[in-house]
Each structure stands twice: as C-alpha cells, then as structure tokens.
Amino acid sequence: MSNRTFTMIKPDATRKGDTGAILNHIVKAGFTVKAMKWTKLTAEQAGLFYEIHKERPFYGELVEFMSSGPIVAAILEKENAVADFRKLIGATNPAQAEEGTIRKLYAASVGENAVHGSDSDENAAIEGDFFFSKLERF
Ligand code: CMP
C-alpha cells in the first residue's frame, strides 16, 4: 500500500473562491503536500488526463468543464492515502456524499464536484506523474 494520492481542486471550486478552505480541510485531516501547482488545463490536456473515461457519455462534458478554469493539482502524503482521501472527499455525486465531506460541503453536482481523488495506488502514481516532474516533489 502506497502512502501517496493525487488530487485536483476543480474549476467550480477555484471559481467560487473555495480553494483555501478546501486545502485547509485537507491539511487538517493529516495530509502533507508533497507537490502542488495552480494551473489551467487545455481541453487536449484534460482529455488526456481523463482518457480512461473516453467511452463514457459524460466524457465531452468532463473535458470541457475541467478545462474551463484554473485548477490546483497536488500530490498528498499520509498513511493509507488513497482510501483516506476518498473518505474525506465523499461520494462522486455530492447528493450521496456524507455530511462533513468536502464534496458535501463544496460541490454542486456529479459533474462539478469540487475535487478529484485517485481511485488506486497505481492511478495515484500515473496522475502525479502527469503533472509533476521529480524536481517538483518535496
Ligand atoms: P473524478 O473523480 O474526477 O473522475 C471522473 C469524473 O467524471 C468524476 O470525478 C466526475 O466529476 C465525472 N463524472 C462521473 N460521473 C458523471 C456523470 N454522470 N456526469 C458528469 N460527470 C460525471
């Protein structure tokens, strides 16, 4: 089991000014930031990041949304990082997310759901590598 996960604070949350509050939530839950950047994806880059969802009906909408504004990308460290982070953010659909989770607090819909969290150790490594070189990790 790896101790790292990857997250993005999505354009809906950065647009609403929730970036600081969400980061505070993450750090208070015991995650350490190993790498972080404020950036904006092109549609091509968002398409590549979410390539595993290419055949899904919501892929076009997802790519358009994820390239619609700035995001914060980060590699986070904590024991049992992937599972603990998914618990912290709550269900993909905020309507089904538990009270107190980041998506319950900050997300509006299944498409615009404030944060991404890797779903496996393998994907956490792939997603972290997508955004960060070795020189950008501390
Ligand atoms: P994320 O964890 O970033 O990974 C894939 C994303 O696809 C997911 O969050 C949602 O934001 C999005 N997604 C999943 N299901 C739907 C859906 N039914 N409609 C629109 N977007 C979706």
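Not measured: the values here are computed from a predicted model.

## Comments concerning the overall build of the chain
- Across its full length, the chain holds 7 helices and 4 strands.
- From first element to last, N terminus to C terminus, the chain shows the α and β order β-α-α-β-α-α-β-α-α-β-α.
- Computed over its C-alpha atoms, the radius of gyration of the chain comes to 14 Å, within 12% of the 14 Å expected for a compact globule of 138 residues.
- Taken along its principal axes, the extent of the C-alpha atoms in the chain is 35 × 35 × 25 Å.
- Sorting the 138 residues of the chain into buried and exposed places 35% on the buried side.
- Sequence-distant contacts, at least 24 apart, represent 71% of the contacts inside the chain between residues at least 6 apart.

## Overview of the nonpolar core
- Ile22, Leu76, Phe85, Ile102, Ala114 and Val115 are the most contacted members of the largest nonpolar core, which has 30 residues in total.
- Sorting the residues of this core by element identifies β1 (4-9), α2 (19-28), α3 (43-49), α4 (59-66), β3 (71-77), α5 (81-89), α6 (102-106) and α7 (121-131) as the ones contributing at least two each.
- The residues touching Val115, leaving out its near neighbours within four places in the chain, are Thr7, Met8, Ile9, Lys10, Ala13, Ile22, Ile89, Ile102 and Arg103.

## Things to note about the sheet that holds strand β2 (residues 32-39)
- Spatial strand order, β2-β3-β1-β4: 4 strands in an open sheet with antiparallel pairing. Of all strands in the sheet, those with a lone pairing partner are β2 and β4 (115-117), marking the two edges. For this sheet, the mean inter-axis angle between neighbouring strands, taken without regard to orientation, is 15°.
- Pairing analysis gives 3 bridges linking β1 to β4, with the strands arranged antiparallel.

## Here's the deal with the UniProt feature "domain: Nucleoside diphosphate kinase-like" (unreviewed entry) in the chain
- Sites flagged by UniProt as "domain: Nucleoside diphosphate kinase-like" (unreviewed entry) map to residues 2-136.
- Secondary structure across residues 2-136 divides into 41% helix and 18% strand, with the first and last C-alpha atoms of the span separated by 19 Å.

## Some thoughts on the site of the ligand
- As a matter of local geometry, the ligand sits amid His53, Phe58, Glu61, Leu62, Thr92, Val110, Gly111, Asn113 and His116.
- When grouped by side-chain class, the residues that make up the shell around the ligand number 3 nonpolar, 5 polar and 1 charged.

## Some points on α7
- For α7, every residue scored as buried is listed here: Ala124, Glu127, Gly128 and Phe131. Down the axis, α7 shows its buried residues gathered within 100° of arc, on one side only. In α7, the exposed residues that point more than 90 degrees away from the buried face are Glu122, Asp129 and Phe130.
- On its buried face, α7 is in contact with β1, β2, β3 and α5.

About the cut-offs
- Residues numbered from 1 in each chain as written.
- Predicted model: local features only at pLDDT ≥ 70, side-chain atom pairs only at ≥ 80, totals over all residues.
- Helix = DSSP H or I, 4+ residues; strand = E, 2+ residues; numbered from the N terminus.
- Rg over C-alpha atoms; globule rule 2.2 N^0.38 Å.
- Buried ≥ 20, exposed ≤ 12 C-beta atoms within 10 Å, placed from the backbone.
- Contact = placed C-beta atoms within 7 Å.
- Core = buried A, V, L, I, M, F, W, Y, C linked by C-beta atoms within 7 Å.
- Pairing = 2+ DSSP bridges.
- Axes fitted to C-alpha atoms, helices over the stretch in contact; angles between N-to-C directions.
- UniProt positions renumbered as here; feature names shortened; annotations may be inferred.
- Near = placed C-beta within 6 Å.
- Nonpolar A, V, L, I, M, F, W, Y, C, P; charged D, E, K, R; others polar.
- Arc of directions from axis to C-beta.

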